[in-house]
Amino acid sequence: MSPSPQADVLAPASGLFADRLRVLVVAAHPDEPDEYVGGTAAKLAQAGHGVKFLSLTNGDAGHRSMPRKALARRRAVEAYAAARELGVQEYEILSAHDGELEASVAMRRKVVARIRRWQADVVVAFHDECPGHLDNRAAGRLVREAVAVVGLANVVPDVPALATPPVCLLMPDHDALAHHRHDVVVDVSSTIEAKLRACAAHASQFLEFAPWQRGLLDQVPPVGDWDRVREFVLEHWSPYLHTQPEMRAAVSAAGLGAVGEFAESFQLAGYGRDTTATEVRALLSRPGIG
């Protein structure tokens, strides 16, 4: 679906965006946007806002037995099924090989183009300066560097520059948890079922590859037994599904009351449009669009 540039222009200097937000989540591999931002994405989509997931690699290394081409095709099919569960408008997967993502100028240009074409009000990305998967760190760096030039017309001149940079947030992957700051905590209890079904749609990861890595293959339930699949995912991916103590502490410290059983956490990125945690909370809780 093509974005509508007239309907989705960023609002002027008042600091408020147009009624309909456009959110872009950029990860390194298919399944990561669903796992870390799926609940928030589903809430925004249900309210009528535009959400796009972008994976910078095709995920073709994430299996114990499938060859690259077949796995890349399968992971694309899984991603599109997950998008339907969440109501995400677009799930784009670039062709870079899993395990080989580099923060190159060529890849940065691709990220710049996609931020502009989506007319992103909000961009969610990985941390770029911490230990962990090299693809994830490269993905975080690519977003940071791309956002720095999204307003420069002579950079990627075939795609119109943005008049206003997007608000930029960081999501925590496994290796970034210890480095992540819970600036904004979103209660996703109302959309947890959609998130769980989206994660389960990535069966090559949640029911095959990750269980093999963790020595859990003998515990994987049959794909068709939803109740058992649901409990398996809830148990083994709890840090990215259940509200963690650190999240509750951050919510309490901000004087925001209680948060439900399931939540997602975001850190202000420190680049992009100047913003505050209060403003981001308001953005991510925008009411539905009639």
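Residues numbered from 1 in each chain as written. Predicted model: local features only at pLDDT ≥ 70, side-chain atom pairs only at ≥ 80, totals over all residues. Heavy atoms only, no water.

Re the packing of helix 2 (residues 68-86) against helix 5 (residues 192-201)
Stage number 1. Interaxial distance between helix 2 and helix 5 falls to 8 Å at its minimum, and their mutual angle equals 170 degrees. The angle between helix 2 and helix 5 places the two elements in the roughly antiparallel class. For the pair helix 2 and helix 5, the contacting residues are Glu78, Ala81, Ala82, Glu85 and Leu86 in the first and Ala194, Lys195, Arg197, Ala198 and Ala201 in the second. (Axes fitted to C-alpha atoms, helices over the stretch in contact; angles between N-to-C directions. Helix = DSSP H or I, 4+ residues; strand = E, 2+ residues; numbered from the N terminus. Parallel < 35°, antiparallel > 145°, perpendicular 65-115°, else oblique. Contact = heavy atoms within 4.5 Å.)

Some details on the pattern of salt bridges
Side-chain pairing between opposite charges can occur once the charged atoms of the two side chains come close.
Stage number 1. Per the counting criterion, the structure on display carries 19 salt bridges.
Stage number 2. Two residues, Glu193 and Arg230, come together in a salt bridge whose shortest N-O distance is 2.5 Å. Linking Glu193 in helix 5 with Arg230 in helix 7 (residues 226-236), this pair joins segments that are 37 residues apart in sequence.
Stage number 3. Among the ionic contacts, a cluster of salt bridges with common partners joins Lys52, Glu90, Glu92 and Arg114. (Salt bridge = Lys/Arg side-chain N within 4 Å of Asp/Glu carboxyl O.)

A short note on helix 5
Stage number 1. Where burial is concerned, most of helix 5 is hidden: seven out of the ten residues are buried.
Stage number 2. Where helix 5 is concerned, the buried positions are Ile192, Ala194, Lys195, Leu196, Ala198, Cys199 and Ala200. (Buried < 20%, exposed > 50% of the residue type's maximum accessible area, 1.4 Å probe, protein only.)

Focus: helix 9 (residues 277-284)
Stage number 1. Among all positions of helix 9, only Ala277, Val280, Leu283 and Leu284 are buried. Buried residues of helix 9 fall within an arc of 120 degrees about the axis and therefore sit on the same side. (Arc of directions from axis to C-beta.)

A word on the environment of Leu101
Stage number 1. Relative to the assigned elements, Leu101 resides in the loop between strand 3 (90-96) and helix 3 (105-118).
Stage number 2. Overall, the relative accessible area of 7% leaves Leu101 in the buried class.
Stage number 3. When the C-alpha atoms of Leu101 and Phe232 are compared, they prove to be 30 Å apart, with 131 residues separating the residues in sequence.
Stage number 4. Once residues lying within four places of it in the same chain are set aside, the contact partners of Leu101 are Ala28, Leu56, Thr57, Ala96, Met107, Asp135, Ala138, Ala139 and Leu142.

Description of the side chain of Gln205
Stage number 1. Positionally, Gln205 belongs in helix 6 (residues 203-214).
Stage number 2. Classification of Gln205 by relative accessible area gives buried; the value is 9%.
Stage number 3. Within the structure, Gln205 has its side chain in polar contact with the side chain of Ser204 (distance 3.0 Å).
Stage number 4. Apart from residues lying up to four places away in sequence, Gln205 is in contact with Asp31, Gly62, Arg75, Ala210 and Pro211. (Polar contact = N/O pair within 3.5 Å; in protein donor to acceptor, adjacent residues only side chain to side chain.)

A closer look at the sheet that holds strand 5 (residues 167-171)
Stage number 1. As summarised here, the arrangement of the seven strands in space is 3-2-1-4-5-7-6, forming an open sheet in which the pairing is mixed. This sheet does not close on itself; its edge strands, each paired only once, are strand 3 and strand 6 (184-187). Strand after strand, the sheet turns through a mean of 25 degrees between neighbouring axes, direction not considered.
Stage number 2. Against the sheet, helix 4 (residues 134-147) contacts strand 1 (22-27), strand 2 (50-57), strand 4 (122-126), strand 5 and strand 7 (263-272), and its axis sits at roughly 145 degrees relative to strand 4. (Pairing = 2+ DSSP bridges.)

Observations concerning the side chain of Asp128
Stage number 1. Within the secondary structure, Asp128 is located in the loop between strand 4 and helix 4.
Stage number 2. Ignoring any residue separated from it by four or fewer positions in sequence, one finds Asp128 in contact with Arg137, Gly140, Arg141 and Arg144.

Points about the nonpolar core
Stage number 1. Grouped together as the largest cluster of nonpolar side chains are 86 residues, with contacts concentrated most on Leu56, Leu101, Ile115, Val124 and Leu169.
Stage number 2. Residues in contact with Leu56, not counting those within four places in the same chain, are Val26, Ala27, Ala28, Leu94, Ala96, Leu101, Met107, Val111, Ala139 and Leu142.
Stage number 3. Counting residues in each nonpolar core, the second largest holds five residues, with Met247, Val251, Val259 and Ala263 among its members. (Core = buried A, V, L, I, M, F, W, Y, C linked by side-chain atoms within 4.5 Å.)

Quick notes on unusual backbone geometry
Stage number 1. Of note, the phi angle at Asp31 is positive, near 100 degrees, even though the residue is not glycine.
Stage number 2. Along the chain, Asp31 falls in the loop between strand 1 and helix 1 (32-46).
Stage number 3. Taking the relative accessible area as the measure of exposure, Asp31 reaches 8% and is therefore buried.
Stage number 4. Notably, Gln119 is not glycine yet its phi reads approximately 55 degrees, a positive angle.
Stage number 5. In this structure, Gln119 sits in the loop between helix 3 and strand 4.

Quick look at the confidence of the model for the protein
Stage number 1. Taken residue by residue, the protein gives an average pLDDT of 92. The fraction at 70 or more is 93%.
Stage number 2. The model gives residues 1-16 a pLDDT under 50, and that stretch makes 20 contacts with residues more than four places away or in other chains. (pLDDT = per-residue confidence, 0-100.)

With respect to the packing of aromatic side chains
Stage number 1. Under the criterion given, the structure shown has six aromatic pairs.
Stage number 2. Between Phe53 and Tyr91, the ring centres sit 5.3 Å apart and the planes meet at 85 degrees, which makes this aromatic pair edge-to-face. In this pair, Phe53 is assigned in strand 2 and Tyr91 in strand 3, connecting sequence segments 38 residues apart.
Stage number 3. Residue Phe53 is classed as buried on the basis of its relative accessible area of 0%.
Stage number 4. Centroid distance Phe206 to Trp237: 4.7 Å. Interplanar angle 50 degrees. Geometry classified as tilted. Of this pair, Phe206 sits in helix 6 while Trp237 sits in the loop between helix 7 and helix 8 (245-253), placing them 31 residues apart in sequence.
Stage number 5. Assessed through its relative accessible area of 5%, Trp237 is described here as buried.
Stage number 6. The structure contains a cluster of three or more aromatic residues connected by ring pairs, namely Tyr36, Phe126 and Tyr240.
Stage number 7. Seen from the ring of Trp118, Arg22 lies directly overhead, with NZ or CZ sitting 3.9 Å from the centre. (Phe/Tyr/Trp six-rings, centres within 6.5 Å; stacked < 30°, edge-to-face > 60°. Lys NZ or Arg CZ within 6 Å of the ring centre and 35° of its normal.)

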